[in-house]
Structures are given as C-alpha cells and as structure tokens.
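# An overview of the molecular structure
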2 protein chains.
Amino acid sequence: MIGAGNVATHLGLALKESGINVMQIFSRSVGSARTLANLLQANFTTNIVDVKSDADLYIVSLADQAVKNVVDKLNINDALIVHTSGSLSMQILDEVSVNVGVIYPFQTFSKSKKLEFMTIPICIEANTFENREKLSRLTGKISNNIIEINSEKRKYLHLAGVFASNFPNFMYSMAEDILAKNELPFDLLKPLIRETAAKIKGLSPAEAQTGPARRGDDQIIKNHIELLDQFQGFENIYRMISDMIKKKQHE
Amino acid sequence: MIGAGNVATHLGLALKESGINVMQIFSRSVGSARTLANLLQANFTTNIVDVKSDADLYIVSLADQAVKNVVDKLNINDALIVHTSGSLSMQILDEVSVNVGVIYPFQTFSKSKKLEFMTIPICIEANTFENREKLSRLTGKISNNIIEINSEKRKYLHLAGVFASNFPNFMYSMAEDILAKNELPFDLLKPLIRETAAKIKGLSPAEAQTGPARRGDDQIIKNHIELLDQFQGFENIYRMISDMIKKKQHE
C-alpha cells in the first residue's frame, strides 16, 4: 500500500476485513505510516527504496501530484500496480510495470468516519483481460458494486462527484453560517438535509427540485437577496444558482 | 385547512393520523380540494365564502402571494388562524382575527413521497401565551421537534433551507447532466450523495468538506473547468463555489 491517507486507510481496512493480507505500508509521514500499519497489522517504511518487490499488487493511493514522482522510484518486477485516483489516467503507471490498472472507490472519505464499503461503487480499469479479472475478483470481495470505467469517463465521474458531494457540503456550510449569525442551531437543518438526499433514491433531481427559483417566485428571491447583504459572496452564488434553476425549468 | 398543496397534504395527513379531525378543505382547484378531502375524510369547498366559521383552528397553507388575498375574505369570528409559510410574517393574519400564529414545518415536501413527521422540526409562533400553548400542544402530537421562532428569524431559517436543500438538489442535477452526457448511470452517485448528507450528523460541514478546492488542488480545478466547456453555465458555478471554499480555508 503506497500511501496512508483517507482512501488508503478505508480501502486497506476493507481489504483486511475481507481476508486480504496487506504486507507493507509506505508513507513519507512516519506517523501516518505507523498508524495505518498498526490498523492493518502490516510493516511500514518511509523510505521508497525499502518498498518490498515481491507483493502481488501495489496500490498507490497518494495525492495526484505525488503519484508520478513516487511511482517512478519503485522497483516491482512488473507486478500489477494500480492507483486510486479519479483524475489521473491509468497510463501514468506505464513506466513502472507492464501490468497496470485503477481501483477508484467513488465515495467521500474522512478518517474519522467508518464506512459500509459493500455498497460503494468501485470503478476499475486495467490494461489486459487478466489484470481486469484480478482487479474484479479482488474488489468483488469488498463491494457488490463494481463497474468498469475507462480513464476518460472516470475524469467526468470525478467531476460529477464534486457537484454531487463537495458543493452540496459547501451549501450546508453556507446554511450553517446563516443560522449561526441568527443564533439558530445547525441541528434544525439535519432532517431537511437527510430528506433532500433521500428523495433522489426514487425521484430524479429534476423531479425533486423545489424552492423559490423552481416556482419562479421572484418576490422571495428578491427578499432572500436582501437578507444575504451581510454574508459576503453569498448573494452571487444565490443569484447564479437560482438563474440556472429557472433556466432549466424552461428547457 | 385553507389550501391543498404539498404542505397542506403532508400536514393534514400527520394531523389526521394523530387523531385530529380536519373538518373542511378549501382550495380553488376542485381536483386538489377533492383529493385531499378524500384523504382526510373531510368536506371540501372551492368557494371561499363557504368556508365554515366554527372551526377551532384555521391552517392557511397557500403560495405566499395568495395568502393575503384569500385570508382577507375569511369570516372566522376571531378563531385561531395560522399560516405555514417560512417567509411571511405572522402579522399578515392580523386583519382576519385577534388570534394568530404560524406553524412552519421545516422540511422539503413532494406529494409523491411519504414522510416520517415525528423528527421534522416544526417552528411555531403565536401572538399570545394561550395561542402559543395551543399550537405547542397541537404540533406536539405530530412531531418531537417543536421550536419557537419569531417571524424575523424564520425568514433566515427559510433562506438557510434554500442553501441546505434546493441548491444541493440542483447540484445533484448538474452532476446527473455530466454523467448523462458520458453515458454513465445516475445510480453511481447515490451512495456518495447519501454519505455526504450522513456525514454532517457527526461532523460540522466545515470539518466534512473535501475535494479539490478544499485541498487547494489548482491543477484538478483547471482540468475540471476544461471538462465543463460543453456544459453551459456550469463553469461559472464551479469557479465561484471553488473560490468560496478556498477563501473559507484561509479565514
């Protein structure tokens, strides 16, 4: 396991729980390496030249910018090597081995929150039929939701994830700021946030859309924009998203 | 019950299930009036002058713009009358009765989706102690989450709801558009959307924030903006929200 961040931790734990032996953790941070090694009962190293060369599989789970640099220092005798990035192409691994692939678990990971892995979509890609079979068997042990997606489409999936997760979460935090300024507890929002996410199990987001912009209620939109006066930058976001919602109505 | 829309329907059903008798439904649309009257085993009328004058409570659940106009035609002998709007002040009811209030269930309602009412925050307001007690007793039968909020704060709560619900839902729909154009199924996003909403049960949205803007990963942001070329209006929203996330990091 090359890397000891959020994805490495959650993926490592899921693999271990399914009975797969994680041999060794590499991380430049000794604290992260040791923590994950303890969790997985594995060895660890902070020196890339000490990464063992006899593993069946190398999983590179690093920040995108670090992958190329770290990978080029590995010596793995053409063993199968995969990365876990939504944005990097599979080919970035070509120089270190002739057996390459990708395991991209499509979920948001926080170190402090445990996850049920079995329902998480895991996107796989590999450069040969055999490697694809290997990854499919392996990931099939930790999830019931394996899908094959190439590097080009994976980029778009990653981008869609920003809209489906990072941006909604930031909307929650804007809502929290509005409540905090009015001495109202964030807890008030939790049932609404939960229900909004639950709705799209059975309805498309377009069907589930509600609110002043969806109804074309320009009076409320005007009132809201006045209330946002004291929140820097909020007005622009409110206007822009409301305009998009209205436009979509007339498509 | 004055009105037969989403809120009237869900609130009416919850009241009926808790053993409260809904006498009569008024709606200008005969179809809506009849449907809700059937659900609640109540009478209905489409003529405002036929609204009975001997109810204990009148619940006005109409589009904001319609409230004033409809309410001014009522003759209710100073019975308690409330509206269910997040944006309208309580005082809009002053001319029809000396006993006025608000019952504002803070949730997103769709006619087609049944709800567990008991956890929904219900915000109440009333013009006297006795009226507040009445509303508190009544709403306490359908929810465990009753909170007293005045008209001024309720406006901000309603606004926060747009950020916590309407805008995240629109982000889901933008994500769906990105996937659809790449022939990827929307189902891929469901575990991510569910987990993103579940995260804020235990973490504040600021703690839960992930993604390229949170990490300050300008290379991915640049790549994403290029991918958004073919989606009109998406680039502006992506940029603006990403900039806000970055700024918040440095606060």
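As a reminder, the structure under discussion sits directly above these lines.
Criteria and cut-off values
- Residues numbered from 1 in each chain as written.
- Chains lettered and ligands numbered in written order.
- Predicted model: local features only at pLDDT ≥ 70, side-chain atom pairs only at ≥ 80, totals over all residues.
- Heavy atoms only, no water.
- Buried < 20%, exposed > 50% of the residue type's maximum accessible area, 1.4 Å probe, protein only.
- Helix = DSSP H or I, 4+ residues; strand = E, 2+ residues; numbered from the N terminus.
- Pairing = 2+ DSSP bridges.
- Right-handed = clockwise from strand over helix to strand, strands pointing away.
- Contact = heavy atoms within 4.5 Å.
- Buried area = accessible area lost by both parts, 1.4 Å probe.
- Salt bridge = Lys/Arg side-chain N within 4 Å of Asp/Glu carboxyl O.
- Polar contact = N/O pair within 3.5 Å; in protein donor to acceptor, adjacent residues only side chain to side chain.
- Nonpolar A, V, L, I, M, F, W, Y, C, P; charged D, E, K, R; others polar.
- Axes fitted to C-alpha atoms, helices over the stretch in contact; angles between N-to-C directions.
- Arc of directions from axis to C-beta.
- Phe/Tyr/Trp six-rings, centres within 6.5 Å; stacked < 30°, edge-to-face > 60°.
- Lys NZ or Arg CZ within 6 Å of the ring centre and 35° of its normal.
- Least-squares fit on C-alpha atoms with pLDDT ≥ 70 in both.
- Parallel < 35°, antiparallel > 145°, perpendicular 65-115°, else oblique.
- Left-handed = near helix turned anticlockwise from the far one by under 90°.

A separate point is the pairing of strand β4 (residues 80–83) of chain B. All names here are of chain B. Alternating positions in β4 separate into two faces, L80 and V82 on one and I81 and H83 on the other, with burial throughout. Bridging between strand β3 (residues 57–60) and β4 involves four bridges; their strand directions are parallel. From the neighbouring strand, Y58 faces β4, where its bridge partner is I81. The handedness of the β3 to β4 crossover, carried by helix α3 (residues 64–71), is right-handed. Here three bridges tie β4 to strand β5 (residues 100–105), and the two strands are oriented parallel to one another. The residue bridging H83 from the neighbouring strand is V102, located in β5.

Now for the interface of chain A and chain B. The partner chain B presents 87 residues to the 87 residues of chain A that form the contact. Summed over both partners, the interface of chain A with chain B buries about 8600 Å², with 71% contributed by carbon and sulfur atoms. On inspection of chain A and its partner chain B, the count reaches three salt bridges. Applying the counting criterion to the chain A and chain B interface returns 28 residue pairs in polar contact (both at pLDDT 80 or more). It is helix α5 (residues 151–181) of chain A that provides the largest number of residues to the side of chain A that touches chain B, a total of 26 residues. Classifying every residue of the side of chain A that touches chain B by side-chain character gives 48 nonpolar, 25 polar and 14 charged.

Let's shift gears to the sheet that holds β5 of chain B. Residue and element names in this part refer to chain B. Across the sheet, five strands lie side by side as β3-β4-β5-β6-β7; this open sheet has mixed pairing. Two strands lie at the open edges of the sheet, namely β3 and β7 (146–148), each paired on one side alone. The sheet shows a mean angle of 25 degrees between the axes of neighbouring strands, direction not considered. Across five bridges, the pairing between β5 and strand β6 (residues 122–126) is antiparallel. Along β6, the bridge assignment pairs Y104 with C123.

Glancing now at helix α9 (residues 218–227) of chain A. Side chains three or four residues apart in an α-helix point the same way, a direct result of the helix having 3.6 residues per turn. Considered for burial, the residues of α9 of chain A that qualify are I220, I221, H224, I225 and L227 of chain A. The buried residues of α9 of chain A all sit within an arc of 155 degrees when viewed along its axis, so they share a single face. Packed against the buried residues of α9 of chain A are α8 (212–215) and α10 (234–249) of chain A together with α3 and α5 (151–181) of chain B.

Another point: the packing of aromatic side chains. Counted by the stated rule, this structure contains 14 aromatic pairs over all chains. Judged by centre distance (5.4 Å) and plane angle (25 degrees), the ring pair of F231 of chain B and F234 of chain B falls under stacked. Chaining the aromatic ring pairs together yields one cluster made of F163 and F167 of chain A together with F231, F234 and Y238 of chain B. Residue placement shows K181 of chain B over the ring face of F231 of chain B; its charged tip is 5.3 Å from the ring centre.

Moving on to α3 of chain B. Listing the buried residues of α3 of chain B in full gives D64, A66, V67, V70 and V71 of chain B. Looking straight down α3 of chain B, one finds its buried side chains confined to an arc of 140 degrees; they lie on one side. Looking at the packing, one finds that the buried side of α3 of chain B touches α9 of chain A together with β1 (24–26), β3 and β4 of chain B.

Okay, the relation of the copies chain A and chain B next. For the pair chain A and chain B, the relating rotation is 180 degrees, the translation along its axis is 0.0 Å, and the fit reaches an RMSD of 0.0 Å. Viewed as a symmetry operation, the transformation between the two copies matches a two-fold axis. In terms of proximity to the rotation axis, the leading residue of chain A is P168 of chain A, whose C-alpha is 2.2 Å off the axis. Of the residues that chain A buries at the interface, 100% are likewise interface residues in chain B, meaning the two copies contact each other through the same surface.

Attention shifts here to the packing of helix α1 (residues 6–17) of chain A against helix α2 (residues 30–40) of chain A. Residues and elements named next belong to chain A. At a minimum axis separation of 10 Å, α1 and α2 run at an interaxial angle of 15 degrees. Regarding the angle of α1 to α2, the classification is roughly parallel. Regarding α1 and α2, the two cross each other, and that crossing is right-handed. Residues A8, T9, G12, L13 and K16 of α1 lie in contact with α2, whose contacting residues are L36, L39 and L40. Among the residues making up the contact of α1 with α2, the classes are represented as five nonpolar, two polar and one charged.

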